Every structure is written in structure tokens, then in C-alpha cells.
Amino acid sequence: MAYLLSHQVWGRGFATEAARAAVIYGLETAGLRAIIRLVHPGNIVSIRVLEKCGLTFIDRKVYWDLEMCRYRIEHCQQIQ
């Protein structure tokens with residue numbers, strides 16, 4: 001999942017609401033055992049969105065020549 005929001009709506013919780021809905025759908029409806037999300041290490045706001053949804057930091061890996069932080073949530077974990 002990727003999302004882009006206009007500056008006018010930043011800080012209103014839309015990203016967290018959308019991310020939470022995607023996590024719930026993936027784990028509960030689609031039956032995924034885990035979800036991994038990638039985020040640029042400098043994107044503190046997006047990292048906070050993932051943490052609010054219950055994802056936890058795993059490690060840093062390079063994808064597309066960019067260092068990315070990997071976050072994960074498993075089916076057995078509680079969605080916040």
C-alpha cells in the first residue's frame with residue numbers, strides 16, 4: 001500500500017485510518033499471516049503511522065538502491 005495526501009489534510013489521521021483498515025483487511029479478510037511495510041528511515045510521520053497500527057521495526061534493508069526500514073505485523077498480534 002502506498003498513499004499520498006495533500007498538505008491540507010496532514011495531521012487529521014487519514015493516513016493512520018487508511019493504513020489500519022489495510023492491515024485489518026489483510027490479516028482478517030484476506031487471511032495473510034503477516035504484513036511487511038517499507039518506509040524511508042527519514043519519514044518519521046509514516047513510521048509513526050505504522051507504529052500506531054501495531055507494526056514493529058524489524059531491520060533496515062536496501063531496496064531499489066534506497067535504504068528502507070522494514071516493519072511487520074503478524075496475524076496473531078493485536079492491531080491497535
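Preceding this paragraph is the structure being described.
Predicted model, so just to flag it, every value in this text is computed and none were measured.

## A look at the pattern of salt bridges
Then comes step 1: One pass over the structure, following the stated rule, counts four salt bridges.
Then comes step 2: Ionic pairing is found between Glu67 and Arg60, a salt bridge with its closest N-O pair at 3.6 Å.
Then comes step 3: Overall, Glu67 belongs to the partly exposed group, its relative accessible area being 41%.
Then comes step 4: Look at Arg60 and you get partly exposed, because its relative accessible area is 46%.

## Some words on the sheet that holds strand E1 (residues 34–39)
Then comes step 1: An order of E1-E3-E2 is seen for the three strands of this open sheet, with the pairing classed as antiparallel. Of all the strands in the sheet, the pair left with one neighbour each is E1 and strand E2 (56–63). Taking the axes of each pair of neighbouring strands and ignoring which way they run, one obtains an average angle of 30 degrees across the sheet.
Then comes step 2: Sheet strands touched by helix H1 (residues 14–29): E1 and strand E3 (66–74). Its angle to E1, the strand with the most contacts, is close to 150 degrees.

About the cut-offs
- Residues numbered from 1 in each chain as written.
- Predicted model: local features only at pLDDT ≥ 70, side-chain atom pairs only at ≥ 80, totals over all residues.
- Heavy atoms only, no water.
- Salt bridge = Lys/Arg side-chain N within 4 Å of Asp/Glu carboxyl O.
- Buried < 20%, exposed > 50% of the residue type's maximum accessible area, 1.4 Å probe, protein only.
- Pairing = 2+ DSSP bridges.
- Helix = DSSP H or I, 4+ residues; strand = E, 2+ residues; numbered from the N terminus.
- Axes fitted to C-alpha atoms, helices over the stretch in contact; angles between N-to-C directions.
- Contact = heavy atoms within 4.5 Å.

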